[in-house]
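So the chains spell out like this:
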Amino acid sequence: MRRGGLKFRLLIGLVIVAFAYLRKCSQRQENPYTGKVQTISLSTQQEIAIGLQQAPSMAQQHGGLYPNNDYQAYIDKVGQRLVDNSIAKRSEYKYEFHLLRDERTINAFALPGGQIFITYALLSRLTDNSGKISEDMVAGVLGHEIGHVLGRHSNERISEANFWKLITMGASVGADLGSLANSVGQNTLLKNGRGDELESDDLGVKLMLDAGYDPRYLINVMEVLKAAAGPNRVPEFQSTHPDPENRIQKIKEAIRKYSR
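Residues numbered from 1 in each chain as written. Predicted model: local features only at pLDDT ≥ 70, side-chain atom pairs only at ≥ 80, totals over all residues. Heavy atoms only, no water.

- The name that an unreviewed UniProt entry assigns to the chain is Peptidase M48-like protein, with the source organism given as Tenacibaculum platacis.

## Considerations on the nonpolar core
Here comes step 1: Residues Ile75, Leu82, Tyr95, Ile118 and Ile146 are the most contacted members of the largest nonpolar core, which totals 43 residues.
Here comes step 2: Ranked by residues supplied to this core, first place goes to helix H5 (residues 135-150) with 8 residues.
Here comes step 3: Those residues in contact with Tyr95, other than ones at most four positions away along the chain, are Val83, Ala88, Gly114, Ile116, Ile146, Val149 and Leu150.
Here comes step 4: Among the nonpolar cores identified, the runner-up in size contains 7 residues, and Ala55, Ala59, Leu100 and Leu111 belong to it. (Core = buried A, V, L, I, M, F, W, Y, C linked by side-chain atoms within 4.5 Å. Buried < 20%, exposed > 50% of the residue type's maximum accessible area, 1.4 Å probe, protein only. Helix = DSSP H or I, 4+ residues; strand = E, 2+ residues; numbered from the N terminus. Contact = heavy atoms within 4.5 Å.)

## Some details on the pattern of salt bridges
Here comes step 1: Scanning the entire structure with this criterion turns up 15 salt bridges.
Here comes step 2: A salt bridge links Asp210 to Lys206; the shortest N-O distance between them is 3.0 Å. In this pair, Asp210 and Lys206 are both assigned in helix H7 (residues 178-210), 4 residues apart and thus about one turn of the helix distant.
Here comes step 3: A residue is classified by how much of its surface remains accessible, and Asp210, at 34% relative accessible area, is partly exposed. (Salt bridge = Lys/Arg side-chain N within 4 Å of Asp/Glu carboxyl O.)

## Side note on the environment of Ser179
Here comes step 1: Tracing the chain through its elements places Ser179 in helix H7.
Here comes step 2: Each C-alpha atom of the pair Ser179 and Glu156 lies 23 Å from the other, and the pair is 23 residues apart in sequence.

## Some points on the packing of aromatic side chains
Here comes step 1: Going through the model one piece at a time under the given rule, you end up with 6 aromatic pairs.
Here comes step 2: Taken together, a centroid distance of 5.1 Å and an interplanar angle of 80 degrees make the contact between Tyr21 and Phe163 edge-to-face. Taken as a pair, Tyr21 in helix H1 (residues 2-26) and Phe163 in helix H6 (residues 153-175) lie far apart in primary sequence, 142 residues in all.
Here comes step 3: Taking 6.5 Å as the distance between ring centres and 75 degrees as the angle between the ring planes, the aromatic pair formed by Tyr93 and Tyr95 counts as edge-to-face. The pair Tyr93 / Tyr95 is uniform in exposure class, with both members buried.
Here comes step 4: By the ring-pair criterion, three or more aromatic residues cluster together here, those being Tyr66, Tyr71 and Tyr120.
Here comes step 5: Over the ring of Phe163 we find Lys24; its NZ or CZ atom is 4.4 Å from the centre of that ring. (Phe/Tyr/Trp six-rings, centres within 6.5 Å; stacked < 30°, edge-to-face > 60°. Lys NZ or Arg CZ within 6 Å of the ring centre and 35° of its normal.)

## Focus: the side chain of Asp201
Here comes step 1: As for its position among the elements, Asp201 is in helix H7.
Here comes step 2: Given a relative accessible area of 1%, Asp201 falls into the buried group.
Here comes step 3: Residues within four places of Asp201 in sequence aside, it is in contact with His144, Leu218, Met222, Arg247 and Ile251.

So, in structure tokens, the structure goes:
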């Protein structure tokens, strides 16, 4: 009975794993903006709906929107220039740019579907030698975040995470190897997340060039982020973001590629 029970568990585990792989294969599609084949489980309209639904709570987590219409108009102007002069304009996404009140967290991020955020803490550090906010540096930040939207990175991460949940379940049911499968999955998702950042940097360079901005200022943004992280930043292999020095090198390569 015990041997039969083990065989039954193994069979069930294999069925779950097989289902996970078959579903993943059925979700593979080519991204029209990057040419990359991805695991995608959400439609464009679903991405837009998720972004709109989550936007208010994300803003609330950062103290709401920054109470300065001039700064918000500035962010809107730069973001719209990037969209209007690039492949982003041909997408179905509805881009909206939000300046957050948060004066401590140096960050920018994008939700699925085109909701893009930048904190005042980061904006206030995007300055030139005279201390004035650099439009090219702001464009670098927003271009990178638009790259996440075009890259459908949130959609892909959701889809991949669901795949690894099923793999972990199958490994747990079939052979008590759920912890091992989960560990492999987490490491894979971290690695893929770092790849998303590099792809967004690459797309950001192209968007900046198309809109008439100087992409070398994206390197300045990396220097700001590097300084903000300090000497005790998390090692790259444990982080969702590549090391700033690696990002700078890839940005330089992208500038040479797109400037030919």
